[in-house]
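Descriptive structure summary
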Amino acid sequence: MLPGNPAHTAESSRNLGTFPLLETLGQDLRYGLRQLRRNPGFTIVAVLTLALGIGTSTAIFSVLDGVLLKPLPYPHPEQLVGVWHSAPGINVALLNVSPSSYFIYREQNRTFQDIGIYQGDSVNITGVAQPEQVGAVDVTDGLLPVLGVTPMLGRLFTTADDSPGSAETVMLTYGYWARKFGGDRSVIGKTMTLDGKLHQIIGVLPREFDFMGRPGIALFLPLKFDRAKLFLGQFSYEAIARLRPGVTLAQANADVARMVPIMLRSFPAPPGFSLKMFQDARIGPNVRPLKQDVVGDVGKVLWVLMGGIGLVLLIACANVANLLLVRAEGRQQEFGIRAALGASRGRIAAELLFESLILALAGSLLGLGLAYGALRILVAVAPAGLPRLNEIAIDGTVVLFALAMSMVASLLFGSVPVVKYTGARLGTDLHESRRSMSASRERHRARSTLVIAQVALALVLLISSGLMIRTFLALTRVDPGFVGPSTLQTLRISISENEVKDPQRVVHMQEEILHKIEAIPGVSSAAISRSVPMDGNHWSDPVFAKDRTYSPGKLPLRIFEFVAPGYFKTSGTPFVAGRDFTWSDLYNKHPVAIVSEKLAREYWQDPSSALGKQIRVSTKDDWREVVGVVGDVRDEGMDKEAPALVYWPLLMNHFEGDEVNVRRGVAFSIRSPRAGSRSLMNEVQRAVWSVDSNLPLAEVHTLEYYCRRSIARTSFTLVMLGLAGSMALLLGIIGLYAVMSYSVSQRTHEVGIRMALGAEKRDVLNMVVGQGLRLALMGVALGVAGAFALTRFLTSLLYGVKPSDPLTFIVVSLILIAVALAACYIPARRAAKVDPMVALRYE
């Protein structure tokens, strides 16, 4: 180095400042590792505890990140919106888009780059080795470009594909293309038979394309609307639009509000309905981020779970902090000697924090491994319909989260011993006796405070779990309106118009299949309906009674179901009054209907009074006589109230503007103790194919499957909160046991004196148990207060129980106190066995 060279002087200064720091860090690392190696028991327990807390937090965060936090997998996802309406005039908060509104919004909007609409579908594929029914989506030509997708092979739909009368075309998803065509790149231009009609394959979508997080989609088909023949209504399509750059949601909503009156003026009301009915519905805009459409309301569940698992991490930190306090207490003499030799408080504090950081990093690494395994279980038990499952993974964001958690955790539990043992008394500790150090009330208070916090947090989680258990039990006691769902096999078939044009022939085929199924050994009954309870195939429209008047703006929307004779007998839904449909009613198209008890009481107060009354959907429809009243059915889920239902025959004249109305896609319900078995389905398949070998069977499930699915979210939350509560209880009780054991070990001398002075073993036992009980009671009191404040976030997940349910609070608190007493009893027994002579020689 040349004297007087400023550059070299500055560089040297930097080096002098950098290398000692690195050297110090290296020394701290080696020292920390050495200290932890000397205490393998403590190190293993601390790392495992942290791994449990960090691992579970990371696993839940992975789900949260994949479902809620990651942007949608489309270019500029912030520009994508779901276009909905509201209709306060008919009490509908979320109303879909209709074909008429689609045309007006696409042609006259000022805020969208483009808009497309779509509808879920399923199609029969024939002409191959075995017919199959696959999931499909019907889309307008602008929908896929709005999402920014580019086909892997071929092309997207064009306006020509959407035009009525144009050649039939189809696009394949990557998964279906790979499965059915073996990845054949020459598939473009080939044809396949869908619902009895040839479709030309024009494109294959890319492997990474995911449509709205919906699994099982095989095909995309073009929607073909004849604009000249459209009416108002048919609000049954979902819409996606891409906002122009810089356009806000408020501007888009204002734009839709401007176009709604244009839509109402541009199309006629459907036959039997009036424009005033649509105006009275007060249709308004409800444009919202597309992500809200994809995620739905699952976010509430995930945030609740994240909060619950976060409490487990806090309990784990409190446990490790307690362990570190005990360990630091045993190192007081070491700290005193080091202080006497010149080590600063900051230096000793830094070393303690460094040890905590090493523990936390080791815990996070092990926790990541646990999270990987837990994530696979989480995805496997996730409720049906949980969106974006394929995007849940341990990626860079999740690893960063785990590292961040380790840093936060190390500060949380590492700072406690630092504050307690590197304070102003550090230099004096060397001169104090061991007994005075261990008896420090201040330090014991710190450990007790941590135990109280652990018990309180555990109680909050246990009460949350208790509320979910009460919810689950309440749901299992619900009368769904049908019996024996586990012995009711269901499946769907669809007879397309291309295969059988005559509606009457369609019903004859369905009846023929029904009788073939009824002849299968073990089948006690079978029935046909448009859908089965809780399968999600809802249809609602207004139902007007002839003897009632309706005030303006009051559209009596009701749930529709279409059934054949014998449906109620097979499902076990009782008749309250009247009779069932007959096959004569269907084939002769008698104007008859059956209503649920709820609807009968709502309209005519008494079920028997409903018989003979007449109802219809529109002024163009026939009035239909109510011939029966059946019990209420929870059609929308076990946790939803039974709706007012109207049952129509499968085949009718003059219904909703149709001259002849028939249900081509129907569900078969089969009552048999063999329900759910492969052998039964093989025989059912042969029965169906004996009538038409081109009819595939789809959605083959027992009714119990739909019942379980309807409460899957509750079950998932229950399991997750139950696991979190169990871990919290275990960690909390371990913490209480550890504190009581340590307290007993430190009070051996005192116990010995007490017993030498005449104290009985029972007195010692009561003293130790009483000490632990006081901690537990304080924790329970704090936990009850916390639970009152936090369980209100569970309100939307509960059924039949309030967030402040006193029974749950009392029972869970008593259980926790009982377990805490058990945790205190073991160290208390040890204290009661102390030999006074040995104890007096102690220290």
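Refer to the structure above for everything that follows.
Bear in mind the structure is a predicted one, so any value in this text is a computation, not a measurement.

Moving on, we get to the overall build of the protein chain. Summing up its helical and strand segments, the protein chain has 27 helices and 25 strands in all. Structurally, the protein chain occupies a C-alpha span of about 105 × 85 × 55 Å along its principal axes. For the protein chain, with 843 residues in total, the buried portion stands at 53%. The long-range fraction of contacts in the protein chain, counting pairs at least 24 apart against all pairs at least 6 apart in sequence, stands at 81%.

So, on to the pairing of strand 7 (residues 191-194). With two bridges connecting them, strand 3 (residues 112-126) and strand 7 associate as antiparallel partners. Counterpart to Thr-126 in the pairing with strand 7 is Thr-193. For strand 7 and strand 8 (residues 197-204), the ladder comprises four bridges, and the chain directions are antiparallel. Each bridged residue has a counterpart across the sheet, and for Leu-194 the counterpart in strand 8 is Lys-197. Following strand 7, the chain reverses through two residues before pairing antiparallel with strand 8; Asp-195 in that reversal takes a positive phi of roughly 50°.

Across the interface, helix 3 (residues 99-108) lies against helix 7 (residues 249-266) with an axial gap of 9 Å and an inter-helix angle of 125°. Relative to helix 7, helix 3 is oriented oblique. The interaxial crossing formed by helix 3 with helix 7 has right-handed handedness. Residues Ser-100, Ser-101, Ile-104, Tyr-105 and Gln-108 of helix 3 form the contact with helix 7, whose own contacting residues are Val-256, Arg-258, Met-259, Val-260, Ile-262, Met-263 and Ser-266. Here the residues of the contact of helix 3 with helix 7 sort into seven nonpolar, four polar and one charged.

The next point concerns the packing of aromatic side chains. The final tally for this structure, using the stated rule, is 25 aromatic pairs. Ring geometry for Phe-560 versus Phe-562: centroids 6.5 Å apart, planes at 75°, classification edge-to-face. Considered together, Phe-560 and Phe-562 belong to a single accessibility category, that of buried residues. On the basis of an interplanar angle of 85° and a centroid distance of 4.8 Å, the ring pair of Phe-568 and Tyr-647 is categorised as edge-to-face. Within this pair, whereas Phe-568 is found in helix 17 (residues 567-571), its partner Tyr-647 is found in strand 21 (residues 645-649), the two being separated by 79 residues in sequence. Here a set of aromatic residues connected by ring pairs shows up, and it is made of Tyr-74, Tyr-118, Phe-209, Phe-211 and Phe-220. Above the plane of the ring of Phe-562 lies Arg-663, whose end atom (NZ or CZ) is 4.7 Å from the centre. The ring of Phe-793 carries the charged tip of Arg-792 above its face, separated from the ring centre by 4.6 Å.

The first and last C-alpha atoms of helix 26 (residues 806-832) sit 37 Å apart over 27 residues, in line with the 39 Å expected at 1.5 Å per residue. The largest bend in helix 26 comes to about 30°, at Tyr-825, with the proline Pro-827 one to four residues further on.

Let's shift gears to the pattern of salt bridges. Taken as a whole and judged by the stated rule, the model has 22 salt bridges. Here Asp-161 ties to Arg-155 by a salt bridge, and the two come within 2.7 Å at their closest N and O atoms. The class for Arg-155 is partly exposed, based on a relative accessible area of 34%. We note a salt bridge from Lys-276 to Asp-280, for which the minimum N-O separation is 3.0 Å. On the criterion of helical spacing, the pair formed by Lys-276 and Asp-280 is a turn pair, its members being four residues apart in helix 8 (residues 275-280). A residue is classified by how much of its surface remains accessible, and Lys-276, at 45% relative accessible area, is partly exposed. Residue classification places Asp-280 among the partly exposed residues on the basis of a relative accessible area of 21%.

With that out of the way, let us pick up unusual backbone geometry. For Asp-195, which is not glycine, the phi dihedral falls at a positive 50°. Of note, Asp-195 is situated in the loop between strand 7 and strand 8. A positive phi angle, near 70°, is found at Gln-605, a position not held by glycine. You can see Gln-605 is positioned in the loop between helix 19 (597-604) and helix 20 (607-610). Residue class for Gln-605 comes out exposed when judged on its relative accessible area of 56%.

Along the polypeptide, Gln-133 turns up in strand 4 (residues 132-139). For Gln-133, a relative accessible area of 16% gives the class buried. A distance of 3.0 Å separates a polar atom in the side chain of Gln-133 from a polar atom in the side chain of Asn-124. Excluding its chain neighbours within four sequence positions, the residues that come into contact with Gln-133 are Ser-122, Val-123, Asn-124, Ser-494, Pro-696 and Ala-698.

Moving on to a nonpolar patch on the surface. Taken together, the side chains of Ile-44, Leu-48, Leu-366 and Leu-370 make up a nonpolar region of the molecular surface, amounting to roughly 360 Å² of accessible area. Elements that contribute at least two residues to the nonpolar patch include exactly helix 2 (40-69) and helix 12 (345-381). Summarising the element assignment, Ile-44 is placed in helix 2.

A few words now on the packing of helix 2 against helix 10 (residues 298-330). Two elements in contact, helix 2 and helix 10, have axes whose closest approach is 9 Å; the angle formed by their N-to-C orientations is 165°. Relative to helix 10, the element helix 2 lies roughly antiparallel. Crossing of helix 2 against helix 10: the hand is left-handed. A breakdown of the residues in the contact of helix 2 with helix 10 according to their chemical character gives 24 nonpolar, six polar and one charged.

Right, let's get into helix 22 (residues 703-710). Burial in helix 22 covers these residues: Leu-703, Tyr-706, Cys-707 and Ser-710. Buried residues along helix 22 cover an arc of 100° about the axis, so they all sit on one side.

Calculation notes
- In this convention, every chain numbers its residues from 1, walking through the sequence in written order.
- Confidence filtering applies because this is a predicted model: local features only for residues at pLDDT of at least 70, side-chain atom pairs given and counted only at 80 or more, and all residues used for totals across whole chains, interfaces and linings.
- Neither water nor hydrogens contribute to the side-chain values; these are computed over all heavy atoms in the structure.
- Working definition: helices are DSSP H or I runs of at least four residues, strands are E runs of at least two. Numbering for both runs from the N terminus.
- Relative accessible area decides the class of each residue, using a 1.4 Å probe on protein chains only: under 20% of the type maximum gives buried, over 50% gives exposed, and in between gives partly exposed.
- Two residues form a contact once any of their heavy atoms are found within 4.5 Å.
- At least two DSSP bridges between two strands are required for those strands to pair.
- Working convention: axes come from line fits to C-alpha atoms, limited for helices to the stretch in contact. Angles between N-to-C directions cover 0 to 180 degrees.
- For classification purposes, an angle smaller than 35 degrees is called roughly parallel, one larger than 145 roughly antiparallel, one from 65 to 115 roughly perpendicular, and anything else oblique.
- A clockwise turn of the near helix away from the far one marks a right-handed crossing, whereas an anticlockwise turn of less than a right angle marks a left-handed crossing.
- For this scheme, ten residues count as nonpolar: Ala, Val, Leu, Ile, Met, Phe, Trp, Tyr, Cys and Pro. Four count as charged, namely Asp, Glu, Lys and Arg, and the remainder, Gly too, count as polar.
- We call Phe, Tyr and Trp rings a pair once their centres come within 6.5 Å, taking the six-membered ring for Trp, and we label the pair stacked below 30 degrees between planes, edge-to-face above 60, and tilted otherwise.
- A ring is considered to have a charge above it if a Lys NZ or an Arg CZ atom is located within 6 Å of its centre and within 35 degrees of its normal.
- Expected span of a helix, by definition, is 1.5 Å for each gap between consecutive residues, and there is one gap fewer than residues.
- To get the bend at any residue, fit one axis to the seven residues that end at it and another to the seven that begin at it, then take the angle between the two axes.
- Each salt bridge in this description consists of a side-chain nitrogen of Lys or Arg and a carboxyl oxygen of Asp or Glu lying within 4 Å of one another.
- Distance and chemistry together define a polar contact, namely a pair of N or O atoms within 3.5 Å, with one atom able to donate a hydrogen and the other to accept it when in protein, and with adjacent residues in sequence counting only for side-chain atoms on both sides.
- In this scheme, patches are assembled from residues that exceed 30% relative accessible area and form no salt bridge. Like charges are connected within 9 Å, while nonpolar side chains (Val, Leu, Ile, Met, Phe, Trp, Tyr) are connected within 5 Å.
- Per-residue accessibility takes into account occlusion by the displayed protein chains alone, with areas from the Shrake-Rupley method and a 1.4 Å probe.
- What the arc describes is the spread of directions from the helix axis to the C-beta atoms.

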